[in-house]
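A closer look at the structure
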Amino acid sequence: MYSFGYFRPSSVEEALTKLNEAPEAKMLAGGQTLLPTMKQRLARPSDLIDLAGIESLRGIRREGHRIRIGAMVRHSKIAESSDIRQSLPGLAALAADIGDPQVRNLGTIGGSVANADPAADYPAALVALDAIVHTHARDLPADTFFTGMFETALDEREIITGISFPLRPLCAYRKFPNPASRYPLVGVFIARALNEAGDHERVSDAVRVAVTGAGSSVFRVREMEKALCESFTPEAISEISVAADDLNSDIHAGGEYRAHLITVMAMRAVADIIAARSNPSLVR
Ligand SMILES: Cc1cc2nc3c(=O)[nH]c(=O)nc-3n(C[C@H](O)[C@H](O)[C@H](O)COP(=O)(O)OP(=O)(O)OC[C@H]3O[C@@H](n4cnc5c(N)ncnc54)[C@H](O)[C@@H]3O)c2cc1C
């Protein structure tokens, strides 16, 4: 390590003042990405602004028909929350399967979303669940938030304060993890909206399918969404595949294999939602 300043503000306003005073400063959340990159000299901030002392960035709360999760909420808290397990079961399952217990006890949803790793799990949940990323300055819909590999719509020195999700008791996430890191080679999140009568809504956005790990950034599979709106069964999407040419190909998996995994993971997520609807105790 090399020397750098360390500040632990107690409010978002104080953090912003520090960030504006030190243009080479970086925000520190769980440190699960930032500290390793500093050790490897891939990042060299002049100062770390530790967000852990800001009370308003913590907590999970219901706000009408939405659940708002503070940016500094750790993955383990999301996995354990009874509100999230009931109203967003796929998100709780996703958080429970990130990395290992150490990573889950330190890593935060705000840090993961800001980092926008193309292999991170949360982007699929945010896009499929039509979430909103709240910052100190504005609200950004998930569909336009992730703009590329490690790139987002955030301005420099914009602080994520929380992420809010509509209630979606019918949602599921399936990933094929890299056995070493647990990052997804492919992760598919599916969310299904119901109308007030509890019926599947026959509107174009009633089913959303979002894929992470397979491309340079999270993306939706509209063909699957359309097919699932017509018939919510695994068979409805068994013949739909994403073009392999557009997918990542690396030492872990080629594009063809990732394309195959997208269809398989999506079919499993649909089966999970069907099973959970008939027996809610089966929610993964
Ligand atoms: C061994 C290992 C295994 C992992 N496995 C997985 C996995 O399976 N799936 C997965 O999705 N992830 C995985 N991760 C990543 C982990 O989930 C962390 O959440 C992620 O690294 C970033 O979150 P953090 O809170 O640690 O952020 P930090 O590392 O502290 O920060 C990351 C970046 O976000 C910025 N930032 C942080 N908070 C904010 C904010 N509120 N507003 C604006 N910018 C902010 C920081 O300045 C920094 O640039 C793994 C990490 C490790 C080390």
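What counts as what
Residues numbered from 1 in each chain as written. Predicted model: local features only at pLDDT ≥ 70, side-chain atom pairs only at ≥ 80, totals over all residues. Heavy atoms only, no water. Buried < 20%, exposed > 50% of the residue type's maximum accessible area, 1.4 Å probe, protein only. Helix = DSSP H or I, 4+ residues; strand = E, 2+ residues; numbered from the N terminus. Pairing = 2+ DSSP bridges. Right-handed = clockwise from strand over helix to strand, strands pointing away. Domains from an automatic or database assignment. Buried area = accessible area lost by both parts, 1.4 Å probe. Salt bridge = Lys/Arg side-chain N within 4 Å of Asp/Glu carboxyl O. Polar contact = N/O pair within 3.5 Å; in protein donor to acceptor, adjacent residues only side chain to side chain. Axes fitted to C-alpha atoms, helices over the stretch in contact; angles between N-to-C directions. Core = buried A, V, L, I, M, F, W, Y, C linked by side-chain atoms within 4.5 Å. Contact = heavy atoms within 4.5 Å.

**Brief notes about the pairing of strand β3 (residues 47-50)**
Because side chains alternate across β3, one face comprises the buried residues Asp-47 and Ile-49, and the other comprises Leu-48 and Asp-50, equally buried. Examined bridge by bridge, strand β1 (residues 5-7) and β3 share three bridges and lie parallel to one another. Considered in β3, the bridge of Tyr-6 is made with Leu-48. Bridge analysis of strand β2 (residues 26-28) against β3 gives three bridges, and the strand direction is parallel. From the neighbouring strand, Leu-28 faces β3, where its bridge partner is Asp-50. In this region the chain leaves β2, passes through helix α2 (residues 34-39) and returns to the parallel neighbour β3; the handedness of that crossover is right-handed.

**Quick notes on the domain arrangement of the protein**
Per the domain assignment, the segments making up the protein are domain 1 (5-50) and domain 2 (58-277). For domain 1 versus domain 2, the separation of C-alpha centres amounts to 27 Å. Counting each side, the surface lost to burial between domain 1 and domain 2 is near 1,000 Å², with a carbon and sulfur contribution of 69%. The largest share of the area that domain 1 buries against domain 2 comes from Met-27, Ala-29 and Gln-32, three residues that together contribute 39% of it. Applying the counting criterion to the domain 1 and domain 2 interface returns zero salt bridges. Here domain 1 and domain 2 share one residue pair in polar contact (both at pLDDT 80 or more) between them. With five residues, helix α1 (residues 12-21) is the single largest residue contributor to the side of domain 1 that touches domain 2.

**Concerning the sheet that holds strand β6 (residues 132-135)**
The antiparallel open sheet is built from five strands, whose spatial order is β4-β5-β10-β6-β7. Both outer strands of the open sheet, β4 (60-63) and β7 (139-141), are each paired with one neighbouring strand and no more. Strand after strand, the sheet turns through a mean of 25 degrees between neighbouring axes, direction not considered. Examined bridge by bridge, β6 and strand β10 (residues 160-166) share four bridges and lie antiparallel to one another. Across the sheet, residue Thr-135 finds its bridge partner in β10, namely Ile-160.

**What to know about the nonpolar core**
Within the largest apolar cluster, 40 residues are counted, with the highest numbers of intra-cluster contacts made by Val-113, Tyr-122, Leu-126 and Phe-165. In this view, Tyr-122 contacts His-75, Ile-78, Leu-91, Leu-94, Ala-95, Ile-98, Ile-109, Ser-112 and Val-113; residues no more than four positions away in its chain are not counted. Formed by 29 residues, the second largest nonpolar core is a distinct cluster that contains Ala-227, Leu-228, Val-242 and Ile-262.

**Quick word on unusual backbone geometry**
We note that Asp-130 has phi near 55 degrees; this positive angle belongs to a residue other than glycine. Along the polypeptide, Asp-130 turns up in the loop between α8 (122-128) and β6. If you check the backbone angles, Phe-150 has positive phi at about 55 degrees while not being a glycine. Counting through the fold element by element, Phe-150 comes out in the loop between β8 (146-148) and β9 (151-152). The exposure class assigned to Phe-150 is partly exposed, which follows from its relative accessible area of 46%.

**Observations concerning the pattern of salt bridges**
Close approach of charged atoms lets side chains of opposite charge pair. Applying the stated criterion across every chain yields a total of 13 salt bridges. Linking Glu-55 and Arg-58 is a salt bridge whose minimum nitrogen-to-oxygen distance equals 2.8 Å. A residue is classified by how much of its surface remains accessible, and Glu-55, at 53% relative accessible area, is exposed. Given the relative accessible area of 36%, Arg-58 is considered partly exposed. The salt bridge partner of Asp-155 is Arg-138, with a shortest N-O separation of 3.9 Å.

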